[in-house]
Amino acid sequence: MNSWAATRKDFLRLLAAMPMAPLAGAQSLTVPGKRPMLVHNDFPEVLESPLEAFETWLTPLDAFFVRQHLPRPKVDPGSWKLTVDGLVDMPLSLSLAQLKAMPMYTVPAVLECTGNGRGYFKPAVPGLQWKKGGMGNAEWRGVKLADILAQAKVKPGAGFVDADGADKGVAKTPDYIRSISLKKALLPDTIVALEMNGQPVPEIHGGPLRLVVPGWNGANWIKWLNKLTVAAQMNNGFYMNPAYRYPKRPVPPGTAVKPEDLAVLETMPVKSFIVSPADGYKHPSGALEVRGIAWAGERKIMKVEVSTDRGITWSTAQLGKENFDSSFRMFRYSWKPSGPGYHLLMSRATDSKGATQPIDAAWNPSGYLWNSIDRVGVVVEG
Ligand SMILES: Nc1nc2c(c(=O)[nH]1)N[C@H]1C(S)=C(S)[C@@H](COP(=O)(O)O)O[C@H]1N2
Ligand SMILES: [Mo]
């Protein structure tokens, strides 16, 4: 519909407006292949999932969130190549057909934007004002990155794999490249995905090829993957430094942090959401089922508790049967309201390392890793 020149002009206008002001309530918009989403930007697309997307263990593709820094590249699966170079004995250039001929693995995993929940930090942090829906759980299928690296024969001294997608830098926004440690790259769940929930990875989610880095922040999950470079040192481009860094020690809310006091982010924290009832729900009377989801970076969920008395007492919720590292765990709790009026429902998850959610996530200058205990208000009418 738009010519490139027109869309590029929009993009430059958007860049000029950065850092973005908090949206006074994102609007709904229909994008091809998507149900109405909360729109933070229409170009490049930044779309947040509505809460009902989390009623199921796998997040439906038409409701899965989207986050792009740059305009989407042109994609031609027939001529797609994934090159592997750098500290390797056998540089590779693999077609999709060659990748499909390799052993394929299925990995369920949560993809979560590092800034998911940024909109809840006080004082407010500039940037996309994500609420709860900057994440989703999908079943990814593809080739182990370890198998590709084994073919390329990594040389001694390698420590990192730089991943680059086909999207290119525009104006002052640099090319989007991320480095992951060779240790993470070689884990069996780190895959180069061709499928998402049983379909070819949709273009908007990085099809035909995207990196899946379970438990690590979404920034690492490179879309339209076409280049891997094995290196001794971590890439030091804009998206590794200063972007996606977190204070080495807690800082007073609202303060600046020196670059040398920031460290690269890797795993995501333990987190839970009440999906139903929705905040503001009016309940006629009687028992009410509280349902939600929990997940915990690279770990499993061991326990979810619900409080209906503002955190004074906590009851254990029933956990769903799907129980994998780095994936959603559903929970449910049958609540018998003590009487009519306004009630606050809270959820708190605990992971397989014993980590649990804080009352208030630590403020940080980029608004990353928001994982406060969830709270939803309900009015019981009778
Ligand atoms: N090539 C490329 N990969 C990318 C990005 C990008 O802008 N370009 N954004 C990253 C970020 S910050 C996130 S949160 C996820 C979002 O993936 P999704 O749009 O499929 O939900 O993709 C990551 N991979
Ligand atoms: Mo992100």
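Quantities reported herein were computed from a predicted structural model and do not represent experimental measurements.

Conventions and cut-offs
Residues numbered from 1 in each chain as written. Chains lettered and ligands numbered in written order. Predicted model: local features only at pLDDT ≥ 70, side-chain atom pairs only at ≥ 80, totals over all residues. Heavy atoms only, no water. Pairing = 2+ DSSP bridges. Helix = DSSP H or I, 4+ residues; strand = E, 2+ residues; numbered from the N terminus. Axes fitted to C-alpha atoms, helices over the stretch in contact; angles between N-to-C directions. Near = heavy atom within 4 Å. Polar contact = N/O pair within 3.5 Å; in protein donor to acceptor, adjacent residues only side chain to side chain. Areas by Shrake-Rupley, 256 points an atom, 1.4 Å probe, with all protein chains shown as cover. Nonpolar A, V, L, I, M, F, W, Y, C, P; charged D, E, K, R; others polar. Domains from an automatic or database assignment. Buried area = accessible area lost by both parts, 1.4 Å probe. Salt bridge = Lys/Arg side-chain N within 4 Å of Asp/Glu carboxyl O. Contact = heavy atoms within 4.5 Å. Buried < 20%, exposed > 50% of the residue type's maximum accessible area, 1.4 Å probe, protein only. Phe/Tyr/Trp six-rings, centres within 6.5 Å; stacked < 30°, edge-to-face > 60°. Lys NZ or Arg CZ within 6 Å of the ring centre and 35° of its normal. Arc of directions from axis to C-beta.

Okay, the sheet that holds strand S19 (residues 288-296) next. Spatially, four strands are ordered S17-S19-S23-S22 in an open sheet, and the strand pairing comes out antiparallel. In the strand order of this sheet, the two ends are held by strand S17 (270-276) and strand S22 (318-319), each with one partner. Summarising the sheet, S22 and strand S23 (residues 329-335) pair through two bridges and their orientation is antiparallel. Across the sheet, residue glutamine 318 finds its bridge partner in S23, namely arginine 332.

In this section: the sheet that holds strand S9 (residues 160-165). Strand pairing in a sheet relies on backbone hydrogen bonds, with the paired strands running either antiparallel or parallel. One open sheet holds the five strands; their spatial order is S6-S5-S14-S9-S10, and the pairing between them is mixed. Each of the sheet's edge strands pairs with one partner strand only, and the pair in question is strand S6 (92-95) and strand S10 (177-181). When strand polarity is set aside, the average angle formed by the axes of neighbouring strands in this sheet is 20°. The pairing of strand S5 (residues 81-86) with S6 spans four bridges and is classified as antiparallel. Residue pairing in the sheet places lysine 81 in a bridge with serine 95 of S6.

Close contacts around ligand 1 come from 18 residues, with Phe65, Asp167, His205, Arg210 and Lys223 the closest. Contact distances for ligand 1 include 2.8 Å between an oxygen atom and a side-chain N or O atom of histidine 205. Lysine 223 places a side-chain nitrogen or oxygen 2.5 Å from an oxygen atom of ligand 1. Across the complex, the protein chains shield 100% of the 530 Å² of accessible surface that ligand 1 would expose by itself. Class assignment of the residues belonging to the shell around ligand 1 gives a composition of 10 nonpolar, four polar and four charged.

This brings us to the domain arrangement of the protein. According to the domain assignment, the protein contains domain 1 (4-18 + 73-264) and domain 2 (270-380). Computed from C-alpha coordinates alone, the two centres of domain 1 and domain 2 are separated by 29 Å. In total, about 2,400 Å² of surface goes out of reach between domain 1 and domain 2, with carbon and sulfur atoms giving 63% of it. The largest per-residue losses of area from domain 1 upon contact with domain 2 belong to Phe121, Lys132 and Tyr246, which jointly make up 26% of the total buried on that side. On the surface where domain 1 and domain 2 come into contact, there are three salt bridges.

Another point: the environment of valine 125. Within the secondary structure layout, valine 125 lies in the loop between strand S7 (105-112) and strand S8 (135-144). For the pair formed by valine 125 and tryptophan 363, sequence separation is 238 residues and the distance between their alpha carbons is 9.0 Å. When near neighbours in sequence (up to four residues on either side) are disregarded, valine 125 contacts Arg118, Trp363, Asn364, Pro365, Ser366 and Gly367.

Within this structure, the stated rule accounts for 13 salt bridges. Where glutamate 45 meets arginine 72, a salt bridge forms, and the shortest distance between an N and an O atom there is 2.9 Å. Within this pair, whereas glutamate 45 is found in strand S3 (residues 45-48), its partner arginine 72 is found in the loop between strand S4 (66-67) and S5, the two being separated by 27 residues in sequence. The class for glutamate 45 is buried, based on a relative accessible area of 12%. Using a relative accessible area of 33% as the deciding quantity, one classes arginine 72 as partly exposed. For aspartate 85, the salt bridge is made with lysine 227, and the minimal N-O distance between the two is 3.1 Å. With aspartate 85 in strand S5 and lysine 227 in strand S14 (residues 225-231), this pair connects stretches of sequence that are 142 residues apart. Given a relative accessible area of 31%, lysine 227 falls into the partly exposed group. Residues joined in a network through salt bridges with shared partners are Glu55, Glu289, Arg291 and Arg332.

In the structure shown here, the tally under the stated rule is 12 aromatic pairs. Seen from their ring centres, tyrosine 244 and tyrosine 368 are 5.7 Å apart, and the 20° between their planes marks the pair as stacked. Taken together, the residues tyrosine 244 in the loop between S14 and strand S15 (245-247) and tyrosine 368 in the loop between strand S24 (341-351) and strand S25 (374-380) connect sequence positions 124 residues apart. Each member of the pair, tyrosine 244 as well as tyrosine 368, is classed as buried. Aromatic ring contacts, followed pair by pair, group Phe64, Phe65, Trp130, Trp140 and Trp221 into a single cluster. Above the face of the tyrosine 120 ring, lysine 131 is positioned so that its terminal group lies 5.0 Å from the ring centre. Above the face of the tyrosine 105 ring, lysine 144 is positioned so that its terminal group lies 4.1 Å from the ring centre.

By the criterion of burial, S19 is predominantly enclosed, with seven of the nine residues buried. Inspection of the sheet shows S17 paired to S19 by six bridges, in the antiparallel sense. Within S19, the residue paired with valine 270 across the bridge is alanine 296.

In this section: helix H3 (residues 145-152). Listing the buried residues of H3 in full gives Leu145, Ala146, Ile148, Leu149 and Ala152. Considered in projection along H3, the buried side chains sweep an arc of 160° and stay on one side of the axis. Lysine 153 lies just past H3 and shows a positive phi near 60°.

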